[in-house]
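What follows is each chain in one-letter form.
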Amino acid sequence: MPAWLVMGHAEICEIARNESAFSRDPRNWRWHYDGLLSEGSALLGISPREPRSSSYHHDGEKRRRLREPLDDGLAALSEKTVVAQVEEVSTRLVDEFGPSGEADLVADWSKKVGFLAVTALFGFDQRTAEQMMVDSAHIMDHTGEAAEARNRMGRNLMAHVQNRRAAGGADLTSSFVRHKSFHDDREVADSMSVPLIAASEFLTAWIALTLRLLLTDKRFAARWAGGRIALDDALDEVLWREAPAANPPLPRYAMQDLELDGKLIRKGDALIMAVAAANQDPLVHTGDMWDEVGNRAHLAWGVGPHRCPASRQARIIARVAINRLLTELDLELAVEDHDLAWVPSPWVRHPQALPVRYERARSSGTEVY
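The model shown is predicted, which means the values in this text are computed figures rather than measured ones.

Parameters at a glance
Residues numbered from 1 in each chain as written. Predicted model: local features only at pLDDT ≥ 70, side-chain atom pairs only at ≥ 80, totals over all residues. Heavy atoms only, no water. Helix = DSSP H or I, 4+ residues; strand = E, 2+ residues; numbered from the N terminus. Contact = heavy atoms within 4.5 Å. Buried < 20%, exposed > 50% of the residue type's maximum accessible area, 1.4 Å probe, protein only. Arc of directions from axis to C-beta. Pairing = 2+ DSSP bridges. Axes fitted to C-alpha atoms, helices over the stretch in contact; angles between N-to-C directions. Disulfide = S-S within 2.5 Å. Salt bridge = Lys/Arg side-chain N within 4 Å of Asp/Glu carboxyl O. Core = buried A, V, L, I, M, F, W, Y, C linked by side-chain atoms within 4.5 Å.

Caption draft 1: Local environment of the environment of Thr210. The residue Thr210 is located in helix 9 (residues 185-216) in this model. Distance from Thr210 to Arg52, taken between C-alpha atoms, is 33 Å for residues 158 residues apart in sequence. Once you skip the residues sitting within four places of it in the chain, Thr210 turns out to touch Ala234, Leu235, Val238 and Ile322.

As structure tokens, then:
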């Protein structure tokens, strides 16, 4: 399917900040309203003909109404609570590692810890969370089980929402069901599905890429181990240089004919924000890494009214999860960096596998933030 790939930092900011000219609602895509997209297209997963009732695929007043509960719920979450729940998940997962051996830090750590941490914030029990993690993978990988996985995930979400409406609680789901902006339980469940899917993709990539950086870039790892930079600096380096969501599957759709950077964009055209390219735009770099330590002007979180609302919580999850793993295990990459294969995705970038040899760390229990 044809789409514009937007690679300039300034151009992406212009598009993302102007929802009246560039819509997130897929019903404004010409390939939908002209009936050109086939029934079996995998693009229906990111650009459905009838979008769910979440702020993800809406603009204007409806987006504001559906976004408010997410913003309010996340703002009410204390950092102490997030840290405690991520520590609990991380400790449980690291306990599954033996005293020494081999592991894949993508399948055995990165894919699990982010998703299970987010489901913990929503109050899901461990069994349901693990089932939803499997279902999310089917949905994002477009496997033959994707349709049933989507239905099963929807049932689990709705059952959890109804349970919290009846019994109450102190988690994000309970905050959602109490919020006046949601009109019904379907809107609550639809709005919960977005951060869960994002957790399965973005957090997987961010954690895996940061671990790869610390295992393969000896100069960067030495600066970090020597205390000259913090773990947050490694996380920021990945957001700048690797862009976990390289080309986020969040197309904008032109609402009218217009010109952008000398190109004629037609009404109904789709535009993909090439974040990885924009983050390398020389107009936003000094050329000196040390001048840019702590610089968070990258576009990894998006910009404008659809900017990711959970950047603070995502950073805590990634930081605590990586810290716990590096505290508990001494790790060594089992292959050469240039032999790593990358996921065949147009949207996210991370190694398909990160094979390591490990031993329990002698300094286990010492924080290494």
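Right, picking up where we left off after that structure.
Caption draft 2: View of helix 1 (residues 9-17). Those residues of helix 1 lying buried are His9, Ile12, Cys13, Ile15 and Ala16. For helix 1, the angular spread of the buried residues around the axis is 165°, confining them to a single face. The elements touched by buried residues of helix 1 are strand 1 (4-6), strand 2 (22-23), strand 4 (252-254), strand 5 (258-260), strand 7 (270-273) and helix 12 (275-278).

Caption draft 3: Summary view of the sheet that holds strand 3 (residues 100-104). Sheet architecture is open: three strands sit in the order 3-9-8, paired in antiparallel fashion. On the outer flanks of this sheet lie strand 3 and strand 8 (329-333), each paired with one strand and no other. On average, adjacent strands in this sheet sit at an angle of 30° to one another, irrespective of strand direction. Note that strand 3 and strand 9 (residues 355-360) share five bridges and pair antiparallel. Within strand 9, the residue paired with Gly101 across the bridge is Tyr358.

Caption draft 4: Representation of the sheet that holds strand 2. Pairing is mixed across the open sheet formed by four strands, whose spatial order is 1-7-4-2. Here the strands that pair on one side only, and so sit at the sheet edges, are strand 1 and strand 2.

Caption draft 5: Highlighting the state of the cysteines. As enumerated under the stated definition, the model contains zero disulfides in all. Note on Cys13: no disulfide assigned, nearest cysteine sulfur contributed by Cys308 at a separation of 16 Å.

Caption draft 6: Region of interest: the pattern of salt bridges. Within this structure, the stated rule accounts for 27 salt bridges. A salt bridge links Asp185 to Arg165; the shortest N-O distance between them is 2.7 Å. Taken together, the residues Asp185 in helix 9 and Arg165 in helix 7 (residues 146-167) connect sequence positions 20 residues apart. Residue Asp190 pairs with Arg186 through a salt bridge whose shortest N-O separation is 3.7 Å. With Asp190 and Arg186 both in helix 9 and four residues apart, the pair spans about one turn of that helix. You can call Asp190 buried: its relative accessible area is 5%. Look at Arg186 and you get partly exposed, because its relative accessible area is 42%. Here the salt bridges share partners, and the residues they tie into one network are Glu87, Arg324, Glu328 and Arg360.

Caption draft 7: View of the nonpolar core. Core analysis: the largest hydrophobic core is formed by 77 residues, its most contacted members being Trp109, Leu196, Trp206 and Leu211. In terms of residue count, helix 9 provides more of this core than any other element does, 14 residues in total. If you look at the next biggest cluster of nonpolar residues, it comprises 18 residues, including Cys13, Phe22, Leu271 and Val303.

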